[in-house]
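Chains, contacts and geometry: an overview
Spelled out from the first residue to the last, the chains are:
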Amino acid sequence: MSKLHKNIIITSIGHFLVHSMIMILPTIMVILEKEFSVSLIQLGQLATIQILFLGLGGFPAGILADRFGSRIVLMVFFSGLVISAIWLYVSTTFFMVAVGLGFLGLITGLYHPAGLKIVSHSQNVSRYMGYHGVSGSLGLAAGPIYGGWMASWQGWRTAYLLLGGLALLGFIFLVFYNYEPVPKTEKLKLKFTFSKPQVIIISIAAFWSIAHHGLFNFLPYYFKDSVTTSWNNVVVSGLLTGFVLILGIIGQLFGGILGERYERKNLYSWVVALNVPFLLVIAFLNGWTLVGIAGILGAVNFMFQPINNSLIADVTSSDQRGIIYGFSAGISFGVGSLAGVIGGYIGDIFSINYIFPSIAVFLFPAVFLAIVLKKTL
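Now for a look at the structure at hand.

Rules of the game
- Residues numbered from 1 in each chain as written.
- Predicted model: local features only at pLDDT ≥ 70, side-chain atom pairs only at ≥ 80, totals over all residues.
- Heavy atoms only, no water.
- Core = buried A, V, L, I, M, F, W, Y, C linked by side-chain atoms within 4.5 Å.
- Buried < 20%, exposed > 50% of the residue type's maximum accessible area, 1.4 Å probe, protein only.
- Helix = DSSP H or I, 4+ residues; strand = E, 2+ residues; numbered from the N terminus.
- Contact = heavy atoms within 4.5 Å.
- Polar contact = N/O pair within 3.5 Å; in protein donor to acceptor, adjacent residues only side chain to side chain.
- Salt bridge = Lys/Arg side-chain N within 4 Å of Asp/Glu carboxyl O.
- Axes fitted to C-alpha atoms, helices over the stretch in contact; angles between N-to-C directions.
- Nonpolar A, V, L, I, M, F, W, Y, C, P; charged D, E, K, R; others polar.
- Parallel < 35°, antiparallel > 145°, perpendicular 65-115°, else oblique.
- Left-handed = near helix turned anticlockwise from the far one by under 90°.
- Expected span 1.5 Å × (residues − 1).
- Phe/Tyr/Trp six-rings, centres within 6.5 Å; stacked < 30°, edge-to-face > 60°.
- Lys NZ or Arg CZ within 6 Å of the ring centre and 35° of its normal.
- Patch = residues over 30% accessible without salt bridge, like charges linked within 9 Å, V, L, I, M, F, W, Y side chains within 5 Å.
- Areas by Shrake-Rupley, 256 points an atom, 1.4 Å probe, with all protein chains shown as cover.

1. Some words on the nonpolar core
Counting residues in hydrophobic clusters, the biggest one holds 104 residues, and the most contacted among them are Tyr160 and Tyr268. No other element matches helix H9 (residues 196-226), which puts 13 residues into this core. In contact with Tyr268, not counting residues within four places along its chain, are Ile201, Ile204, Phe304, Ile307, Asn308, Leu311, Ala370 and Leu373.

Right under this line is the structure:
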């Protein structure tokens, strides 16, 4: 097995686990609401805690990946997932769940700087960013499907515990089948400067992240009220959200192909702007029409990621990519975490369908900045 194949397996397992474990929460919100007698605002705060700490984890991860190598960071990542899964399994209060989700977010935040740094050294970086994105999209899709099914069968706590077992397998594979020499650096690189293109790209990703997390944090809850079937509503909302996220794989692959064939700076504003009309439309739909349009939105939404991550590689030297990917992930997820609180208040005070047009507003400055970037590069 070549080094490339080993790295693909490791990053695929890691990226899958990040998004599958994060996406259990949106599916079990209905269950947590009843079990702990909490409001949609408090559920939104849970989502914010999880994503905020995911962002915070990205800052040290990028620095440590450049100093000690991605392998060490990923060892902490996989072992931390096991610990967080056990904590959530034994949680009996809403506070314990909040602590467990915060720790889970912090640990999952370690992945992207280390994993993306590995992928960024591949040939045809845009294409491999697309492949890397597929594993994340599979995790995003599997999270709500698996979470809804397992929560209805064995309980939401078991859903986390079993994925913790997969993290243990990832840790074992990393230890025995991957070797990475420690970078020859005397000390941590804490002094560095951002270029103008890097600042613009990170800012665009932050605005996009609010729309992205707002959409997928509340889509399962929205499906529960808007799509009527004879099945268990938790299972159905998980399946439908999973369907939308599976179509995100098409977006990942298509975005990767487009980014390889055309200038990425020319595509950037389009892959952001295309989200807006779909976010506006789904607020007024229900039933299977809603599912179909949301599915198209899923594909459109994920075209952004391979192009964005490849642009960062384009404007960043290889020895600083861990740091820049870390700051990008940290700021993106940190700002994106606000979608939980924003959506929770809008959904509780008005109606849940008002969430989607509200988060679409944040994409307008992102489109403007993407146009500025095109003229800057």
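Once the structure has been displayed, the description carries forward.
2. Some details on the side chain of Ser135
The residue Ser135 is located in helix H7 (residues 125-153) in this model. Side-chain polar atoms of Ser135 contact the side chain of His15, separated by 3.4 Å. Not counting residues within four places of it along the chain, the set of residues in contact with Ser135 comprises Thr11, Ser12, His15 and Phe16.

3. Regarding the pattern of salt bridges
A full pass over the atoms with the stated rule returns five salt bridges. For Arg157, the salt bridge goes to Glu35, with nearest N and O atoms at 2.7 Å. With a gap of 122 residues between them, Arg157 in helix H8 (residues 156-177) and Glu35 in helix H2 (residues 24-36) connect regions that are remote in the sequence. The residue Lys117 makes a salt bridge to Asp66 at a minimum N-O spacing of 2.6 Å. Placement of Lys117 in helix H6 (residues 111-120) and of Asp66 in helix H3 (residues 40-68) is noted, with a sequence separation of 51 residues between them. Judged by its relative accessible area of 6%, Asp66 is buried.

4. Concerning the packing of H2 against H8
Two elements in contact, H2 and H8, have axes whose closest approach is 10 Å; the angle formed by their N-to-C orientations is 145°. Taking contact as the criterion, the partners of Ile24, Leu25, Ile28, Ile31, Leu32, Glu35 and Phe36 in H2 are, on H8, Trp156, Arg157, Ala159, Tyr160 and Leu163. Its residues assigned to classes, the contact of H2 with H8 shows ten nonpolar, no polar and two charged.

5. Considering the side chain of Lys117
Given the relative accessible area of 11%, Lys117 is considered buried. Those residues in contact with Lys117, other than ones at most four positions away along the chain, are Ala65, Asp66, Ser70, His112, Ser318, Gly322 and Tyr325.

6. Focus: the packing of helix H14 (residues 304-314) against helix H15 (residues 321-336)
For the pair H14 and H15, the least separation of the axes is 10 Å and the interaxial angle reads 140°. By the angle between their axes, H14 is oblique relative to H15. Crossing of H14 over H15 shows right-handed handedness. Counting all contacts with H14, which are made through Asn309, Ile312 and Ala313, the residues of H15 involved are Arg321, Ile324, Tyr325 and Ser328.

7. Thoughts on helix H4 (residues 70-90)
Under the 1.5 Å per step criterion, the end-to-end length of H4 is 31 Å for 21 residues, consistent within 8% with the ideal 30 Å. Among the residues making up H4, those that are buried are Ser70, Arg71, Val73, Leu74, Phe77, Phe78, Gly80, Leu81, Val82, Ser84, Ala85 and Leu88.

8. Examining the packing of aromatic side chains
Considering all chains together, one arrives at twelve aromatic pairs under this definition. Ring centres 6.2 Å apart and planes at 90° place the aromatic pair Trp156 and Tyr160 in the edge-to-face group. Note that Trp156 and Tyr160 are positioned in helix H8 at a spacing of four residues, about one turn of the helix. An identical accessibility class is assigned to Trp156 and Tyr160; each is buried. Through pairs of rings, three or more aromatic residues link up here, namely Phe59, Phe194 and Phe327. Lying over the aromatic face of Tyr221, Lys224 brings its terminal NZ or CZ to 4.7 Å of the ring centre.

9. Description of unusual backbone geometry
Backbone geometry at Ser37 places phi at a positive 55°, although glycine is not the residue there. Inspection of the secondary structure puts Ser37 in the loop between H2 and H3. For Ser37, a relative accessible area of 64% puts it in the exposed group.

10. Some points on a nonpolar patch on the surface
Among the surface-exposed residues, Leu52, Phe53, Leu56, Ile83, Phe103 and Leu106 lie close enough to one another that they form a single nonpolar patch of about 460 Å² accessible area. Within the residue set of the nonpolar patch, elements represented by two or more residues are H3 and helix H5 (94-108). Looking at the nonpolar patch element by element, the count peaks at three residues for H3. Secondary-structure assignment places Ile83 in helix H4.

This is a description of form; function is not addressed.
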